[in-house]
Amino acid sequence: MRIVVLAKQVPDTKNVTGEVMKPDGTLNRAALAAIFNPEDLNALEMALELKDRYGAEVIVITMGPPRAAEILRDALCRGADRVILLSDRRFAGADTLATSYTVAQAITTHLMPFDLVVCGRQAIDGDTAQVPPQVAEKLGIPQVTYVVEALELKDGRLRLRRDLGRREEVVEAELPLLITVPRTANRPRWPNARRLLKYRHARCGFELEAEARRQRRDVSELLAELQRRGLYIETWGAAEIKADLERIGLGGSPTKVKKVDSVVLKGRSLRFFSPDDAGIKELVGELIEERTFG
Amino acid sequence: MAEHGEVWIFAELDDGQVAGVALELLGKGRELARTLGVPLAAVLLGHRVRSLADHLFAHGADIVYAADHECLAEYTTLPYARVLTNLIRERRPEIVLYGATPMGRDLAPRVASALKTGLTADCTDLQIGSYESGGRVYQNKLLQIRPAWGGNIIATIVSPDHLPEMATVREGVMRAPEPVNGRNGSYIEVPVAAEPGDARVRILERRTHPRRVDLRSAAIIVAGGYGMGSKENFGLIHELAGVLGAAVGASRAAVDAGFIHADHQVGQTGTTVRPKLYIACGISGAVQHRAGMEESGKILAINIDPEAPIFGVAHYGIVGDVREVIPRLIKALRGKL
């Protein structure tokens, strides 16, 4: 079975600390750490669990700038068999439609036939949850979102449990299939120590030159060695995936950002009351006078 | 030919009834349709849905497009996406809105991809306005306003060159209009045929849990955060809520710490609320939480840390230990209410 996991490197928006907030209340983006999108780790875990149970080749793809190779090294250390970096200046500025086209194009040009695509439910920078269903549509396969458990794989059909908040479903879906996984599905495994020692040396196409210089070696010789040892992070641009240039990046994106406003705390007429009985009595009296209690 | 196409809302069903979010969309959709001078239509997919159309008319729909077929009896992605995509291709609406529910977020991107049009997720406001780019001015575009970066920024998104303009809209943010009984509209049946490929995904079991709490319709919410310290201390939140006849809310940190079930979570990943009074106890006020409650009528914040961001959106503040302040508040209220 071939399982493709889609992953994204994101700014750590959940840990906005004092240094990240500028004095005017706006965000200093450069100060945010870049991390493996949390729910993509849940997706990778689900793929690895399926591999443990049924046997599979787990391939992780990410689209992003060269430094997104960081999460691919992490994926290798956690158990991925093969990782691919989609990176090209022309991919920049893509909205969810252009992103899904690019990712689907990479899959159809190089990774056919696959059985399963596993994605995190959503990424914490945009929280849109749109790319996975759009990839499924482009690949012409069904999707099952909010999958918290893979129950059984039998006769090319996967039985899955979905958690939709107030509703729970068990569905049976034919492969090939795309699923999305929320954080409640599982607890991602840690990088394996032995794999860590090996795969921290993995390098993507953009890192080859600097690495060759550091080792005082020839680039093509280094590349051959990395490939032989399974340490080369495949790096594909628009040409490698035969992308229609009209459909990638900013130009291929129907949605445009008109403007961005920072969220600044609203100044309100805040009145403090003392935490003792007298202060609280005064507050309650005021709330009753204002008919706030109805 | 009219200058603009119609404004559509996807009429999501919940247990065979029109979901609350669909009525909220009709409220906003009415505004947008009036500005553009076009009819407002609801798209209703399901099985034996004729009787639900009156409810949509009463809430402002001028037209109901109904796709009534056995294969649509329960929501599954493939037939719903196909029927809706075909209908949009045929009728060419200007705008299509969906609730940002698990169903809307499953369906809308699939449809947007098939139509190769834009889609903006989880909008908190929608307006009609202009957009300028490369010396060209686009008039009467849908301005799709949404938080991003974990709620730290608010982005305004447009799809200048693609129709329809599509967005999912966060639940609980728009106001449902008052129904006008007897209000009528045109009911247009949409032909539907099942396809063998639909059976690639089949629902084997479906269970619905009763909602543990209805935060959206509560007049008063007492919410506790991580600052409550323990599940036992969180009992004070329940007690205060009991005295006030209020619903119990919580921050994500309190939910993650196991103080209370996730159904009670207020904020960007939980429920968006705007009660008359919101009492935030031991909640520091992360931007994700504030995004879900700052439109409340009055906000009372109780926190030990005078620098907590929650005070930035509060009307009343008490700096103190929740374990001491809440019992005093309960005592004072028992004497008055």
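Remember, it's a predicted structure, so these values are computed and weren't measured experimentally.

So, the overall build of chain B
- Scanning chain B for helices and strands turns up eight helices and 18 strands.
- For a compact globule of 337 residues, the expected C-alpha radius of gyration is about 20 Å, and chain B comes in at 22 Å, within 12% of that figure.
- Principal-axis analysis of the C-alpha atoms gives chain B an extent of 65 × 55 × 40 Å.
- By residue count, 55% of the 337 residues in chain B fall in the buried class.
- In chain B, of all internal contacts separated by at least 6 residues, the share reaching a separation of at least 24 is 64%.

What to know about the overall build of chain A
- On a plain count of helices and strands, chain A comes out with eight helices and 15 strands.
- By its C-alpha atoms, chain A is 80 × 50 × 45 Å across when sized along the principal axes.

Details of the interface of chain B and chain A
- Each partner contributes to the interface: chain B provides 70 residues, whereas chain A provides 64 residues.
- Class assignment of the residues belonging to the side of chain B that touches chain A gives a composition of 35 nonpolar, 18 polar and 17 charged.
- Inspection of the sheet shows strand 14 (residues 256–262) of chain A paired to strand 10 (residues 153–158) of chain B by six bridges, in the antiparallel sense. Counterpart to Val260 of chain A in the pairing with strand 10 of chain B is Ala155 of chain B.

Section: the packing of helix 3 (residues 96–110) of chain A against helix 4 (residues 131–139) of chain A
Residue and element names in this part refer to chain A.
- It is at 8 Å that the axes of helix 3 and helix 4 come closest, and there the two elements cross at 50 degrees. Judged on the interaxial angle alone, helix 4 and helix 3 are oblique. Read as a crossing pair, helix 3 and helix 4 show a hand that is right-handed. Residues Thr96, Leu97, Thr99, Ser100, Tyr101, Val103, Ala104, Ile107 and Thr108 of helix 3 form the contact with helix 4, whose own contacting residues are Val131, Gln134, Val135, Lys138 and Leu139.
- For the contact of helix 3 with helix 4, the residue count by class is eight nonpolar, five polar and one charged.

A look at the nonpolar core
- If you look at the biggest cluster of nonpolar residues, it comprises 140 residues, and the most contacted ones within it are Val5, Val60 and Val118 of chain A together with Val43, Leu44 and Val64 of chain B.
- Broken down by element, this core gets its largest block of residues, eight residues, from helix 1 (residues 20–36) of chain B.
- Ignoring anything within four residues of it in the chain, the contact list for Val60 of chain A reads Val5, Ala7, Leu44, Leu72, Ala75, Ala80 and Val83 of chain A.
- The next biggest cluster of nonpolar side chains, apart from the first, holds 51 residues, and it includes Val222, Phe259, Leu277 and Ile326 of chain B.

Here's the deal with the sheet that holds strand 8 (residues 125–133) of chain B
- What the four strands build is an open sheet, ordered 14(A)-10(B)-9(B)-8(B); its pairing is antiparallel. The sheet is open, and its two borders are formed by strand 14 of chain A together with strand 8 of chain B, each paired with just one other strand. The sheet shows a mean angle of 35 degrees between the axes of neighbouring strands, taken without regard to direction.
- In this structure, strand 9 (residues 136–148) of chain B lies alongside strand 10 of chain B, joined through five bridges in antiparallel fashion. Within strand 10 of chain B, the residue paired with Gln144 of chain B across the bridge is Ile157 of chain B.
- Sheet contacts for helix 1 of chain B: strand 8 and strand 9 of chain B; angle to strand 8 of chain B, the most-contacted strand, approximately 40 degrees.

Quick notes on the pairing of strand 11 (residues 177–181) of chain A
All names here are of chain A.
- Counting buried positions along strand 11 yields five of five residues, so the element is predominantly enclosed.
- Where burial is concerned, the two faces of strand 11 agree: the one with Leu177, Ile179 and Val181 and the one with Leu178 and Thr180 are both buried.
- Of the pairings in the sheet, the one linking strand 6 (residues 116–120) to strand 11 comprises five bridges and is parallel in character. For Val118, the partnering residue across the bridge sits in strand 11 and is Ile179.
- In terms of strand pairing, strand 7 (residues 143–144) meets strand 11 through two bridges, oriented parallel. Residue pairing across strands places Gln143 opposite Leu178, the latter belonging to strand 11.

Section: the domain arrangement of chain B
Residues and elements named next belong to chain B.
- Annotation of chain B at the domain level lists domain 1 (7–200) and domain 2 (220–336).
- Put simply, the middle of domain 1 and the middle of domain 2, counted by C-alpha atoms, are 34 Å apart.
- Opposite the eight residues of domain 1 that make contact, domain 2 presents seven residues.
- In terms of residue class, the side of domain 1 that touches domain 2 is built from two nonpolar, four polar and two charged.

Quick word on the sheet that holds strand 15 (residues 247–250) of chain B
- Sheet architecture is open: six strands sit in the order 15(A)-18(B)-17(B)-16(B)-14(B)-15(B), paired in parallel fashion. Only two strands of the sheet have a single neighbouring strand rather than two, namely strand 15 (271–273) of chain A together with strand 15 of chain B. Strand-to-strand twist of the sheet, defined as the mean angle between neighbouring strand axes without regard to direction, takes the value 20 degrees.
- Against the sheet, helix 5 (residues 231–244) of chain B makes contact with strand 14 (220–224), strand 15 and strand 16 (277–281) of chain B, and its axis sits at roughly 170 degrees relative to strand 14 of chain B, the strand it touches most.

Notes on unusual backbone geometry
- The omega angle of the peptide bond from Met112 of chain A to Pro113 of chain A is -10 degrees, so this bond is cis rather than trans.
- With respect to the secondary-structure elements, Pro113 of chain A resides in the loop between helix 3 and strand 6.
- Look at the link from Leu175 of chain A to Pro176 of chain A: it is a cis peptide, with omega at -5 degrees.
- Of note, the phi angle at Tyr146 of chain A is positive, near 60 degrees, even though the residue is not glycine.
- A count of 24 C-beta atoms within 10 Å places Tyr146 of chain A in the buried class.
- Despite not being glycine, Asp122 of chain B has its phi angle at roughly 60 degrees, a positive value.
- Its place among the elements puts Asp122 of chain B in strand 7 (residues 119–123).
- Judged by the 24 C-beta atoms lying within 10 Å of it, Asp122 of chain B is buried.

Each value, and the rule that gives it
Residues numbered from 1 in each chain as written. Chains lettered and ligands numbered in written order. Predicted model: local features only at pLDDT ≥ 70, side-chain atom pairs only at ≥ 80, totals over all residues. Helix = DSSP H or I, 4+ residues; strand = E, 2+ residues; numbered from the N terminus. Rg over C-alpha atoms; globule rule 2.2 N^0.38 Å. Buried ≥ 20, exposed ≤ 12 C-beta atoms within 10 Å, placed from the backbone. Contact = placed C-beta atoms within 7 Å. Nonpolar A, V, L, I, M, F, W, Y, C, P; charged D, E, K, R; others polar. Pairing = 2+ DSSP bridges. Axes fitted to C-alpha atoms, helices over the stretch in contact; angles between N-to-C directions. Parallel < 35°, antiparallel > 145°, perpendicular 65-115°, else oblique. Left-handed = near helix turned anticlockwise from the far one by under 90°. Core = buried A, V, L, I, M, F, W, Y, C linked by C-beta atoms within 7 Å. Domains from an automatic or database assignment.

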